[in-house]
2 protein chains.
Amino acid sequence: MGIDFGTESGRVVVVRVRDGEEIASAVVPYPDGVIDERLPGGPRLEPDWALQNPRDYLRVVEKGVPRALKAAKVKTEDVIGIGTDFTASSPLPVKRDGTPLCFLAQYRKRPHAWVKLWKHHAAQAEANHINEVGRERKEEFIEVYGGKYSSEWFFSKVLQVLNEDAEIYDATDRFIEAADWIVWQLTGEEKRNTCTAGYKGMWIKGKGFPSGEFFRALHPRLENVIEAKVGTNFFPLGQKAGGLTAFWARKTGLKEGTPISVGNVDAHVAVPACTVTEPGSLVMIMGTSTCHMVLGTERQMVEGMCGTVEDGIIPGLWGYEAGQSAVGDIFAWFFEHGVPDSIHREARRLKVPFATVLEKLAARLKPGESGLLALDWWNGNRSVLVDVDLTGVLLGMTLATKAEEIYRALIEATAFGTRTIIEAFESKGVAVKSLVACGGLPEKNKLLMQIYADVTGREIKLARPLQTCSALGSAMHGAVAAGRAGGGYESISEAARHMAHVQKLTYRPRAEHHEIYNRIFKEYQTLHDYFGRGANNVMKRSKALRRKQAVN
Amino acid sequence: MGIDFGTESGRVVVVRVRDGEEIASAVVPYPDGVIDERLPGGPRLEPDWALQNPRDYLRVVEKGVPRALKAAKVKTEDVIGIGTDFTASSPLPVKRDGTPLCFLAQYRKRPHAWVKLWKHHAAQAEANHINEVGRERKEEFIEVYGGKYSSEWFFSKVLQVLNEDAEIYDATDRFIEAADWIVWQLTGEEKRNTCTAGYKGMWIKGKGFPSGEFFRALHPRLENVIEAKVGTNFFPLGQKAGGLTAFWARKTGLKEGTPISVGNVDAHVAVPACTVTEPGSLVMIMGTSTCHMVLGTERQMVEGMCGTVEDGIIPGLWGYEAGQSAVGDIFAWFFEHGVPDSIHREARRLKVPFATVLEKLAARLKPGESGLLALDWWNGNRSVLVDVDLTGVLLGMTLATKAEEIYRALIEATAFGTRTIIEAFESKGVAVKSLVACGGLPEKNKLLMQIYADVTGREIKLARPLQTCSALGSAMHGAVAAGRAGGGYESISEAARHMAHVQKLTYRPRAEHHEIYNRIFKEYQTLHDYFGRGANNVMKRSKALRRKQAVN
């Protein structure tokens, strides 16, 4: 069984150990969803806040597991193990027994008592401070994170609690990732995972966390945060955290003691579910943004990575993560703000969605035929420049430019962004021979996948949509937690060989198009470096002016 | 009486000499319009061709003059003079008696026998050759035209005739601008004007045309083109070319011998009609493109001018012309290709045109608030870069960018383009203290005019729409041709003092906005120079690739 805790809902899947076939699934929406306007029954939140209610996670287990079991029509004793994965970094403050502070009446109306969801963006000042101090002290985590620690990550959020509500900080016995908290709830054991800690929490295998001196430099009261409120013991992926408690066995109908693996991150757990357990294949999880993951046999400092973590994805290998901060979001922006009446009319005439008309028209164009070139920075640049203040560019318009040409240029721009990441990996010897795509976008958009193949010059295979992919990955880790003796597998690689599959459909690069895209990519690189590496900081100046004018 | 020969029609106006009041007007469409697909009853044309039928010009006089006279209810003898203006350069080949070759049965099906309209763009190869030879020989006209002779101009078109249909070239006794041809028809005198010759025909006051050596270097058979087929006598604006012939007096109901001034160019004749007869005021004729005209007391070589002609606009002064190759055209492009459904829906709800919604939303924004910046090169750059291969840029997009922000950024970009031209003038001592706008755009778009005032830091007064403006200017020149003795004026300045007026409405720059626009204009200049002056020729390379891919 795999349980994937997403942003708006949780998904429980029952998967056949032999071949990974999904027998049944159940999706349970979070009643409180993303809390970004006001606390349930409580005060309004500041802009950029995004919280969650941990009770919603428990509800997914309580409602979703029995429902999935029932739909699967399997016997309770046939469930040999459970794996879970979570969005990250989504930390929460809890008491020593695991009770979230927001469950306690005296803290319920305090925003800092709740889970800070991965997309809580109100800790930018804290992130800036962390980066400043980290760089000054030449802390290793700065390198590991490609030069920048994000406002979305664990310690930015912990520091925000301390800065803004010291009483909550004091009342907190443990700051813990929701990924680890749910495992603690189900097993009764606080066993934290290496993936979330490595990618979001400054933890480095064999070295642990930065020193108390570093934390003191951040804030005098943070000096002992690791020992006092975090802990130093982390467990590799696939390891059994414990067995299901009697309480949760009763609640769910599962057998007490069913093995449960340590927690995982949704994107990372998807990698073996995409069949990737060895170096050479890049997994692209493509949705509103894209997350890129690849494995390496040694540690390399690749520019602009989101993280480089030993055992971070597959035990025994270095897991590299990179990302593009807007992909599907750029197309969604264009669909909402840039599609003219003529396209809508044509769609009504043909009785198809307007995106279908756009895709069809854009697919008829040859590379370079529009003369357009874009920089895909509508939401900044995550890799390789790690700069949220960069903005989008569209160049080459004439009076004859059409909407489908702009749409295609936007797709191409995101493909160039991916190629930039691939070239950064390969320049440091991290091989990227082929691509595996999963997520919502690849299923929906054939043109997009073909352009990615043509731009990167690499074959792309399709896995499954992300939520099923992550849930399958979690189930695979559950099978590993069970072990061969328990009816599962010895390792995640073995599990992947049996349980993970890609679709037959493969997108192959067309040599002629690839050759043209090589030329256009050079132009992309020149603009990328001109606007992104300091030659002309017009984007930052414009954004600063924009902020000023918007306030005035 | 003024007659303005436009691109699709001609307009005849009857104007009161005392105060310039328009008593009546008549518009006569050209039956053959712009001939750009096939000759009337003849073969198909190549792309980029644009011809006209001179018979349509005669029809404007024949139908339009009686109609305007009737509507004006004035007596024939009260018409003291006639002035005309034309699009330019629009040359045609004629026999010694003025008969257009396309009127003769044996040449009627030969495209080169017809008028080549100003926007005939098929002589680019000839223009390139002229520029190459001109630059090599350091011909003065290269400087006069800001570094480049256009494919739209007189000798590019004459050379194309020779290159592509030598028989027509041989059969041609005179190559003549339509502006001069119509005056020849009405007066029986071939008296050519200094304006068309100076701005389009390499003619320089006191020096005449380039040498026979230059023309021989262009093409051996062109050596004597001036003496044989063009002539060397040119007459200043406002001078009487002759009196109306008995034939045309009968046709129109006007008095035989009515004074007719020499021909003029539509844009240039509008300058005194905008009240501008002295240095210091820039006239902007704003429509699909913008034409800028300003007067100076001496000759200066200003970068990227379309022309610098002594007596070219007002006798006794240097007339400078610059231009932006797309202004209204960029907004029209955006209206057609970039306006999303939400704006259309709002317009339907409010029962107003969607452009009204866009303008209203865009007007609410402050300078710099959108963070967007554009380069206004959707149709290349005429001044100051003189480069048709430059293309548009839009920079600064985020996921929150809205259509009205893009619209405003496009308006601002065209204002920055105008400011670039103003600064080029002022850097050479040609003063631009205030602006006068005429044409269709200024009347329709208050936001645009206010942004131009804020960006340039100068007051803008509004004249009349272009066609009425040009027709009034022509009538003013008719009054000068009549002279004081004939009931008119001694000079165009005197005529302007009485007959030309601007509207009361004045757009004044707002200091706070101007200060912000100064900052954004600096960013515009940096991008302008980066993409326009060779640091990154991506636009040219993309355009070349686009042409290649469109053909393949």
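Definitions and cut-offs
Residues numbered from 1 in each chain as written. Chains lettered and ligands numbered in written order. Predicted model: local features only at pLDDT ≥ 70, side-chain atom pairs only at ≥ 80, totals over all residues. Heavy atoms only, no water. Least-squares fit on C-alpha atoms with pLDDT ≥ 70 in both. Contact = heavy atoms within 4.5 Å. Buried area = accessible area lost by both parts, 1.4 Å probe. Polar contact = N/O pair within 3.5 Å; in protein donor to acceptor, adjacent residues only side chain to side chain. Helix = DSSP H or I, 4+ residues; strand = E, 2+ residues; numbered from the N terminus. Axes fitted to C-alpha atoms, helices over the stretch in contact; angles between N-to-C directions. Parallel < 35°, antiparallel > 145°, perpendicular 65-115°, else oblique. Pairing = 2+ DSSP bridges. 1 Å grid on protein atoms, 1.4 Å probe; cavity = no way out; pocket = protein on both sides within 12 Å on 5 of 7 lines; lining within 4 Å. Points joined across faces, edges and corners; volume = space filled by probe spheres on them. Nonpolar A, V, L, I, M, F, W, Y, C, P; charged D, E, K, R; others polar. pLDDT = per-residue confidence, 0-100. Phe/Tyr/Trp six-rings, centres within 6.5 Å; stacked < 30°, edge-to-face > 60°. Buried < 20%, exposed > 50% of the residue type's maximum accessible area, 1.4 Å probe, protein only. Core = buried A, V, L, I, M, F, W, Y, C linked by side-chain atoms within 4.5 Å. Disulfide = S-S within 2.5 Å. Salt bridge = Lys/Arg side-chain N within 4 Å of Asp/Glu carboxyl O. Left-handed = near helix turned anticlockwise from the far one by under 90°.

1. Structural notes on the relation of the copies chain B and chain A
(1) Moving on: For the pair chain B and chain A, the best superposition has an RMSD of 0.1 Å and corresponds to a rotation of 180 degrees with a translation of 0.1 Å parallel to the axis. The operation mapping one copy onto its partner corresponds to a two-fold rotation axis.
(2) Moving on: Mapped onto chain A, 100% of the interface residues of chain B are again interface residues, and the two copies thus contact each other with one and the same surface.

2. A closer look at the interface of chain B and chain A
(1) Moving on: Each partner contributes residues to the interface: chain B has 53 residues there, and chain A has 53 residues.
(2) Moving on: For the pair chain B and chain A, the summed buried area comes to about 4,500 Å², and 58% of that belongs to carbon and sulfur atoms.
(3) Moving on: For the interface between chain B and chain A, the tally reads 16 residue pairs in polar contact (both at pLDDT 80 or more).
(4) Moving on: Contributing elements (two or more residues each) for the side of chain B that touches chain A: α12 (328-337), α13 (341-350), β18 (392-397), α15 (403-427), α20 (511-532) and α21 (538-551) of chain B.

3. With respect to the packing of α15 of chain B against α20 of chain B
Residues and elements named next belong to chain B.
(1) Moving on: Where α15 contacts α20, the two axes come as close as 10 Å, and the packing angle between them is 80 degrees. With respect to α20, the axis of α15 lies roughly perpendicular. Contacts between α15 and α20 involve Arg408, Glu412, Ala413, Phe416, Gly417, Arg419, Thr420 and Glu423 from the first element and His514, Tyr517, Asn518, Ile520, Phe521, Tyr524, Gln525 and His528 from the second.

4. Digging into the sheet that holds strand β2 (residues 9-15) of chain A
Working definition: the strands of a sheet are paired by backbone hydrogen bonds and lie parallel or antiparallel to each other.
All names here are of chain A.
(1) Moving on: The mixed open sheet is built from 4 strands, whose spatial order is β3-β2-β1-β5. At either margin of the open sheet sits one strand with a lone partner, and together these are β3 (22-29) and β5 (83-86). On average, each strand axis in the sheet is inclined to that of its neighbour by 15 degrees, with strand direction left out of account.
(2) Moving on: Sheet topology note: the strand β1 (residues 2-5)/β5 ladder contains 4 bridges and is parallel. Each bridged residue has a counterpart across the sheet, and for Phe5 the counterpart in β5 is Phe86.

5. Points about empty space enclosed by the protein
Using a probe with the size of a water molecule, rolled over the atoms, empty space left in the structure can be pinpointed.
(1) Moving on: All told, the structure shown has 12 cavities of 30 Å³ or more when counted by the stated rule.
(2) Moving on: Reported here for the largest cavity is a volume of approximately 210 Å³.
(3) Moving on: Within the residue set of the lining of the largest cavity, elements represented by two or more residues are α12 (328-337), β18 (392-397) and α15 (403-427) of chain A together with α12, β18 and α15 of chain B.
(4) Moving on: Residues of the lining of the largest cavity, tallied by class, amount to 14 nonpolar, 4 polar and no charged.

6. Description of the confidence of the model for chain A
(1) Moving on: Put simply, chain A has an average pLDDT of 95, and 99% of its residues get 70 or more.
(2) Moving on: Reported confidences for the modelled complex are a pTM of 0.91 and an ipTM of 0.91.

7. Section: unusual backbone geometry
(1) Moving on: Geometrically, the link from Ala88 of chain A to Ser89 of chain A is a cis peptide bond, its omega value of -5 degrees lying close to zero.
(2) Moving on: Note on placement: Ser89 of chain A falls in the loop between β5 and β6 (91-94).
(3) Moving on: Residue Ser383 of chain A is joined to Val384 of chain A through a cis peptide bond whose omega torsion reads 5 degrees.
(4) Moving on: Relative to the helices and strands, Val384 of chain A resides in the loop between β17 (373-375) and β18.
(5) Moving on: Phi angles above zero are rare outside glycine, and Lys73 of chain A is one such case at about 50 degrees.
(6) Moving on: Note on placement: Lys73 of chain A falls in the loop between α1 (54-72) and β5.
(7) Moving on: Even without being a glycine, Thr275 of chain B presents a positive backbone phi close to 80 degrees.
(8) Moving on: Mapping Thr275 of chain B onto the fold places it in the loop between α11 (266-273) and β13 (280-286).

8. Some details on the packing of aromatic side chains
All names here are of chain A.
(1) Moving on: Across all of its chains, the model carries 60 aromatic pairs over all chains by this definition.
(2) Moving on: Here the aromatic rings of Tyr30 and Tyr57 are separated by 5.7 Å at their centres, their planes lie at 75 degrees, and the arrangement is edge-to-face. Of this pair, Tyr30 sits in the loop between β3 and β4 (51-52) while Tyr57 sits in helix α1, and the two are 27 residues apart along the sequence. As far as the burial class goes, Tyr30 and Tyr57 line up, both buried.
(3) Moving on: Taken together, the aromatic side chains of Phe141, Tyr145, Tyr149, Trp153, Phe154, Phe155, Trp203, Phe209, Phe214, Phe215 and Phe234 make up a single cluster linked through ring pairs.

9. Regarding the nonpolar core
(1) Moving on: Membership of the largest hydrophobic core comes to 146 residues, with the highest contact counts inside it found for Phe425 and Phe531 of chain A together with Phe425 and Phe531 of chain B.
(2) Moving on: Excluding residues that lie within four positions of it along the chain, Phe425 of chain A makes contacts with Leu282, Val294, Val302, Met305, Tyr320, Ala322, Val430 and Val432 of chain A.

10. Structural notes on the state of the cysteines
Residue and element names in this part refer to chain B.
(1) Moving on: The final tally for this structure, using the stated rule, is 0 disulfides over all chains.
(2) Moving on: As a non-bridged cysteine, Cys438 has Cys274 as the owner of its nearest cysteine sulfur, 3.9 Å distant.
(3) Moving on: Accessibility expressed as a relative area gives 1% for Cys438, which makes it buried.

11. A short note on the environment of Lys366 of chain B
(1) Moving on: Relative to the helices and strands, Lys366 of chain B resides in the loop between α14 (354-363) and β17 (373-375).
(2) Moving on: Among the polar contacts listed, one links the side chain of Lys366 of chain B to the backbone oxygen of Gln549 of chain A, at a separation of 2.8 Å.

12. Topic: the pattern of salt bridges
(1) Moving on: Here the structure, examined in full by the defined rule, presents 59 salt bridges over all chains.
(2) Moving on: Each of Arg110, Asp165 and Glu167 of chain A takes part in a single network of salt bridges with overlapping partners.

13. Some points on the sheet that holds β17 of chain A
(1) Moving on: Sheet architecture is open: 4 strands sit in the order β17(A)-β18(A)-β18(B)-β17(B), paired in antiparallel fashion. Of all strands in the sheet, those bounded by a partner on one side alone are β17 of chain A together with β17 of chain B. Ignoring strand direction, the axes of neighbouring strands in this sheet form an average angle of 10 degrees.
(2) Moving on: Relative to β18 of chain B, β17 of chain B runs antiparallel, the two being bridged by 3 bridges. Bridge pairing in β18 of chain B links Leu375 of chain B to Val393 of chain B.

14. Some thoughts on the packing of helix α17 (residues 446-456) of chain B against α20 of chain B
Residues and elements named next belong to chain B.
(1) Moving on: Following both chains from N to C, one finds α17 and α20 inclined at 70 degrees, their axes separated by 7 Å at the closest point. Relative to α20, the element α17 is oriented roughly perpendicular. The handedness of the crossing between α17 and α20 is right-handed. Residues Ile451, Asp454, Val455 and Thr456 of α17 lie in contact with α20, whose contacting residues are His513, His514 and Tyr517.
(2) Moving on: Taken together, the residues of the contact of α17 with α20 sort by class into 3 nonpolar, 3 polar and 1 charged.

15. Examining the pairing of β2 of chain A
Residue and element names in this part refer to chain A.
(1) Moving on: Along β2, 7 of the 7 residues are buried, which leaves the element largely enclosed by surrounding structure.
(2) Moving on: Here β2 shows a buried face lined by Ser9, Arg11, Val13 and Val15 and a second buried face lined by Gly10, Val12 and Val14.
(3) Moving on: The sheet contact formed by β1 and β2 spans 4 bridges and is antiparallel. Its bridge partner being in β2, Phe5 is matched across the sheet by Gly10.
(4) Moving on: Hairpin remark: β1 followed by β2, antiparallel, with 3 residues in the connecting loop.
(5) Moving on: Relative to β3, β2 is paired through 7 bridges, and the arrangement is antiparallel. The residue of β3 that forms the bridge with Gly10 is Val28.
(6) Moving on: In this antiparallel pair of consecutive strands, β2 and β3, the connection spans 6 residues, and Gly20 shows a positive phi of 80 degrees.

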